[in-house]
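Residues per chain are reported as follows:
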Amino acid sequence: MIRSLAALCLLSSAGFAQDAPPDPLAPFETSRTLRMEAARAAEAGDYEAARRSLSAARALQPGHPGILLGLAQIGMASGDDELLLGALEAVAEAGIAFDLSRLGETDARLRETYPDRYAALDGLLARHSGPAGQAERAAQIALPDSLIEGIAVEIETDRIFLSDVVGRKVWVVEPFDRSAAQVFADAGDGLQSVFGLASDDVNRVIWAATGTLPQTPLEEGEAATTALVALDMITGDVYRRYEMEDAERIADLVTRDGMVWAVDSGANRIYQLSSLSGSLEILSEDPRFGGLQGAALADGALYVADYALGLWRVDLADGTAQQVRPGTESLIGIDGLAATREGRLIAVRNGVSPHAVIAIDLSADGLGVANTEILLRNHPDFGEPTLVDVQDDRVFFVANAPWALWPEDGSGPTEAVPPTVILEYDLD
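Before going into details, it helps to say that this report is about the structure given with it. (Residues numbered from 1 in each chain as written. Predicted model: local features only at pLDDT ≥ 70, side-chain atom pairs only at ≥ 80, totals over all residues. Heavy atoms only, no water.)

So, on to the sheet that holds strand 6 (residues 193-200). The four strands lie next to each other as 6-7-8-9, forming an open sheet whose pairing is antiparallel. Edge positions in the sheet fall to strand 6 and strand 9 (238-242), since each has one partner strand and no second. In this sheet, adjacent strand axes meet at a mean angle of 20 degrees when their direction is disregarded. Two strands pair when backbone bridges link them, and strand 7 (residues 205-211) and strand 8 (residues 227-232) are joined in this way by six bridges, in the antiparallel orientation. The residue bridging Trp 207 from the neighbouring strand is Ala 230, located in strand 8. (Pairing = 2+ DSSP bridges. Helix = DSSP H or I, 4+ residues; strand = E, 2+ residues; numbered from the N terminus. Axes fitted to C-alpha atoms, helices over the stretch in contact; angles between N-to-C directions.)

Side chains on a regular strand alternate between the two faces of the sheet. With respect to burial, strand 23 (residues 394-398) is a largely interior element, four of its five residues being buried. Sheet topology note: the strand 22 (residues 388-391)/strand 23 ladder contains four bridges and is antiparallel. When the sheet's bridge partners are listed, Gln 391 is paired in strand 23 with Arg 394. Connecting strand 22 to the next strand, strand 23, in antiparallel fashion are two residues, including Asp 392 with a positive phi near 50 degrees. Relative to strand 24 (residues 420-426), strand 23 runs antiparallel, the two being bridged by five bridges. In the strand pairing of strand 24, Val 398 is matched with Ile 422. (Buried < 20%, exposed > 50% of the residue type's maximum accessible area, 1.4 Å probe, protein only.)

Right, let's talk about helix 7 (residues 115-129) for a bit. For helix 7, built from 15 residues, the straight-helix expectation of 21 Å at 1.5 Å per residue is met to within 8% by its first-to-last C-alpha distance of 21 Å. Listed as buried for helix 7 are Tyr 118, Leu 121, Leu 125 and His 128. Viewed end-on, helix 7 has its buried residues packed into an arc of 75 degrees, placing them on one side of the element. Turned more than 90 degrees away from the buried face of helix 7 sit Asp 116, Ala 120 and Arg 127, all of them exposed. (Expected span 1.5 Å × (residues − 1). Arc of directions from axis to C-beta.)

It is worth spelling out helix 4 (residues 65-78) at this point. Its 14 residues give helix 4 an end-to-end C-alpha distance of 20 Å, which sits within 8% of 20 Å, the value for a rise of 1.5 Å per residue. Those residues of helix 4 lying buried are Pro 65, Ile 67, Leu 68, Gly 70, Leu 71, Ala 72, Ile 74 and Gly 75. Where helix 4 is buried, its residues meet helix 2 (27-43), helix 3 (47-60) and helix 5 (81-93). Trailing helix 4 by a residue or two, Gly 79 shows a phi angle of about 75 degrees, which is positive. (Contact = heavy atoms within 4.5 Å.)

Before going further, it helps to examine the packing of helix 4 against helix 5. The interhelical angle for the contact between helix 4 and helix 5, taken along N-to-C directions, is 160 degrees, at an axis separation of 7 Å. Viewed along their axes, helix 4 and helix 5 adopt a mutual orientation that is roughly antiparallel. Where helix 4 crosses over helix 5, the handedness of that crossing is left-handed. Here Leu 68, Leu 69, Leu 71, Ala 72, Ile 74, Gly 75 and Met 76 of helix 4 lie close against helix 5, whose contacting residues are Leu 83, Leu 84, Ala 87, Leu 88, Ala 90 and Val 91. Here the residues of the contact of helix 4 with helix 5 sort into twelve nonpolar, one polar and no charged. (Parallel < 35°, antiparallel > 145°, perpendicular 65-115°, else oblique. Left-handed = near helix turned anticlockwise from the far one by under 90°. Nonpolar A, V, L, I, M, F, W, Y, C, P; charged D, E, K, R; others polar.)

Roughly 750 Å³ of internal volume is contained in the largest pocket. Within the residue set of the lining of the largest pocket, elements represented by two or more residues are strand 2 (148-154), strand 6, strand 10 (250-256), strand 14 (292-298), strand 18 (334-339) and strand 22. When the residues that make up the lining of the largest pocket are grouped by side-chain class, the tally is 18 nonpolar, eight polar and nine charged. (1 Å grid on protein atoms, 1.4 Å probe; cavity = no way out; pocket = protein on both sides within 12 Å on 5 of 7 lines; lining within 4 Å. Points joined across faces, edges and corners; volume = space filled by probe spheres on them.)

Read these as spatial facts, not as claims about activity.
What follows is the structure, encoded as structure tokens:
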């Protein structure tokens, strides 16, 4: 859920040619400009110009629900049924929910004029409105003064660690009582809002990404900071704190073999820490990044979710980034990202309706999506699912982070905060 301003602005292929050349150095900004141009053209009644602009934007942000539905609106306004149906079919293929009754009288006309095509479209969209997959509650904890965002599982002891944005804490849930949590580290340890977490069995630490948001309750005179913090796995004591000049908000991280890769969602940068005694270094800072989120290691590379654009593959040697070619399923709005031992990516998508947990199989070159599988969709415990951890083919994730209840003005929850639910999905 920790998104850059650019990514937050985001949420307001076949059949569509790219009619305007994209700027390869700033795909998100270019797409946003094209969408604004499309809106102005549509308002002026120049639907062809609007179509061209949105088609070019779609090439930059495949699977973007706003772009696809904008094309559908243009098709409906201009009487272009092929454009309308093509856009709606792309919506359905991307796994995006849409109620055809919102088309009003056009819905009935399409049903009558294109019965077979309409029936296929209606059937595919209907699948998105229902649940898919099964998961068990790994924990359910009442934390009424907390906004739980991140999770890490220490597999040897089966302890679950949770990050708290407004409570400025790391909580630990013991295996013998999955209905209660104890404070593992807090503001007294220099934590501000806590976002991503990771368990490091090599160094025997829990890594925590800390920073600030408008919801962060800072003390009077307290300066906003961001850091990667190593906490002793047993005591929770701070082993060391790592900061980077000009860092804005370290929010997500991944660790392997004692090394750490941390994502700065504010500055759209990726840092690398080679050892406990080392310092944070910039691995990748690419002007094409739109809104970096979760990270995972797979097939010898770092994969990073971009809330605005999909997935990036980042070379661990030189930090060069290449955008992953999507399949039909939308990769827009991915927040949490993890990977299995076999290199299958597990993504939590909360920026597209319906929310879903998706398994992504990469192509042989690691630069494309070969296949996607919906593991969970519309689970009854879903509120806003956020970050994820994979341990021993078990997927653990926060199912209902209550972001909507905590306004950015820091006024506190707008209603009672429900118990935090951690879901577990068995990949076996």
